[in-house]
Amino acid sequence: MGRRGFARLGAARLRAPASALALALVLALAFALLPVLARAQGSKVSSAPELARAIETLKPGEWVWAPEVAPEGPVLVFVDLSRQIALVYRNGIRIGATTVSTGKPGHATPTGVFTILQKDAKHRSSTYNNAPMPYQQRLTWDGVALHAGGLPGYPESHGCVHLPYNFARELFTVTELGVTVVVEGDAQHHLETSGNALLSPFDDTGKAIAYHPLRPGEQFHWTPDIAREGPVSVIVSKLDQRIVVLRGGKEIGRSVARIRDADAGSHVITQIVRAGKPHWVFVGMAGHEEEEGREIDEALLNRVEMPRAFHRDLDAVIGPGTTVLVTNSRVGAGSWDHLTVIDAIHPHAAPEGG
């Protein structure tokens, strides 16, 4: 491949049912009862430790909400399919958690990094005979959304993420269009990560997105004009050894990478503002609660290397609210070409062999 300049990540600022009528009647009855049930199943707390303790004891249909723990900042929603739990973060701090019900076999909820495309507090389904879907927050134009729905304790939706009624209402008040929603895991087999590609196959107009892998020998491509604005999300795939950059839910960059991390789990990192300065911190997602709020140290950042020019482009678009998902899930179709890094250097350090 020859000698090429590389930079470390540390330098960057970083479908119709058999009986639609019967289904509609069942859903209508369920939603009529939801407000009453949710009042008994939900709770509000006032401190981060109290919130953490409450999350550990959630049963199907239960939720906990503490928005005052972080009163302002960018919002991130993380849906863990394996544990059937959704977590809400603001400015990198967990402010809420709930049990969920996601897609059943044959209607699996897609994994991916999505943005909220549409909000409708009184939405009704055009697919399922006008069934109510309160506090709907659309993730894809082909029908996947967050909304209030049934919570039997296992995956039973047609692909959407069902939330308790009152939790869906609370979440609706703190989100806005463009908020990042990360969906990870495997609802059927309870794995830490899914083998499915994380990228949504549809754009914000409902059209299928063409997959553009890196060509043989190509180190990266960068097309920022595809999406000139919107929240920035970065996916670091340890399995594919790739970095993908999304803005407004659309891919604007993809690069080869060398990621030295033996951890099989996934981690979410976000840039927040503390004392007027940006900081990269862990989001304490399910299974990694102890990481919450911990700043990223140089040793961890130096495990990820990328082409120097790609690092420069990435550095120009990230800022407070940028989300980084480090995962073993794939970010594209097919196998990836093995990357041999001949020369990997820190942009502020003397060259070193690699």
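(A) Quick peek at the pairing of strand β19 (residues 277–283). Note that strand β18 (residues 267–274) and β19 share seven bridges and pair antiparallel. Bridging from a neighbouring strand, Thr270 pairs with Val281 of β19. Here β18 hands over to β19 after two residues, with Ala275 in that stretch at a positive phi of 55 degrees.

(B) Quick peek at the nonpolar core. Counting 29 residues, the largest nonpolar core has Val79, Leu146, Leu163, Leu171 and Val181 as the members making the most contacts within it. Elements that contribute at least two residues to this core include exactly β3 (63–65), β4 (75–80), β5 (85–90), β10 (145–148), β11 (161–163), α3 (165–174) and β12 (180–184). Looking at this core, the element that brings in the most residues is α3, giving six residues. Leu163 has contacts with Thr98, Val100, Leu146, His147, Ala148, Gly149, Leu151, Ala168 and Leu171, leaving out every residue within four places of it along the chain.

(C) Up close: the sheet that holds strand β21 (residues 323–327). The strand order across the open sheet built from seven strands is β13-β16-β15-β14-β21-β18-β19, with neighbouring strands paired in mixed fashion. In the strand order of this sheet, the two ends are held by β13 (220–222) and β19, each with one partner. The average undirected angle you get between the axes of adjacent strands in this sheet is 20 degrees. Pairing geometry for β13 and strand β16 (residues 250–256), over three bridges, is antiparallel. Bridging from a neighbouring strand, His221 pairs with Arg254 of β16. Each of β13, β14 (232–237), β15 (242–247) and β16 touches helix α5 (residues 308–317); the most contacted strand, β13, lies at about 35 degrees to it.

(D) Spatial organisation of the confidence of the model for the protein. The predicted model of the protein averages 74 in pLDDT, with 67% of residues at 70 or higher. The low-confidence segment residues 10–40 (pLDDT under 50) makes 46 contacts with residues lying over four places distant or belonging to another chain.

(E) Looking closely at the environment of Gly217. You can see Gly217 is positioned in the loop between β12 and β13. Between the alpha carbons of Gly217 and Val256 there is a distance of 9.9 Å; along the sequence they are 39 residues apart.

(F) Spatial organisation of the side chain of Thr270. Within the secondary structure, Thr270 sits in strand β18. Of the residues examined, Thr270 reaches a relative accessible area of 5% and is grouped as buried. A polar contact of 3.2 Å, which involves the side chain of Thr270, links it to the backbone oxygen of Thr322.

(G) The arrangement of the sheet that holds strand β9 (residues 136–138) in detail. Strand order in the open sheet formed by four strands is β8-β9-β10-β11, and the pairing between neighbours is mixed. Edge positions in the open sheet fall to β8 (118–120) and β11, since each of these has one partner strand only. Across the sheet, the mean angle from the axis of one strand to that of its neighbour is 15 degrees, orientation sign disregarded. Relative to β10, β9 runs antiparallel, the two sharing two bridges. Note that in β10 the partner of Arg138 across the bridge is Ala145.

(H) Focus on the side chain of Thr102. Along the chain, Thr102 falls in the loop between β6 (93–99) and β7 (112–115). A distance of 2.7 Å separates polar atoms of two side chains, one belonging to Thr102 and the other to Gln84.

(I) The packing of aromatic side chains, seen in detail. Applying the stated criterion across every chain yields a total of six aromatic pairs. Pairwise contacts between aromatic rings join Trp63, Trp65 and Phe167 into one cluster. Here the guanidinium or amino end of Lys119 rests over the ring plane of Phe172, the centre of that ring lying 4.2 Å away.

(J) Region of interest: α3. The element α3 is largely enclosed, with a buried count of eight among its 10 residues. Of all the residues in α3, the buried ones are Tyr165, Asn166, Phe167, Ala168, Glu170, Leu171, Phe172 and Val174.

(K) Focus on the environment of Val245. Position of Val245 among the secondary structure elements: in strand β15. In this structure, Val245 is in contact with Trp222, Val232, Ser233, Lys250, Glu251, Ile252, Gly253, Phe310 and Leu314, ignoring residues within four places of it in sequence.

Criteria and thresholds
- Residues numbered from 1 in each chain as written.
- Predicted model: local features only at pLDDT ≥ 70, side-chain atom pairs only at ≥ 80, totals over all residues.
- Heavy atoms only, no water.
- Pairing = 2+ DSSP bridges.
- Helix = DSSP H or I, 4+ residues; strand = E, 2+ residues; numbered from the N terminus.
- Core = buried A, V, L, I, M, F, W, Y, C linked by side-chain atoms within 4.5 Å.
- Buried < 20%, exposed > 50% of the residue type's maximum accessible area, 1.4 Å probe, protein only.
- Contact = heavy atoms within 4.5 Å.
- Axes fitted to C-alpha atoms, helices over the stretch in contact; angles between N-to-C directions.
- pLDDT = per-residue confidence, 0-100.
- Polar contact = N/O pair within 3.5 Å; in protein donor to acceptor, adjacent residues only side chain to side chain.
- Phe/Tyr/Trp six-rings, centres within 6.5 Å; stacked < 30°, edge-to-face > 60°.
- Lys NZ or Arg CZ within 6 Å of the ring centre and 35° of its normal.

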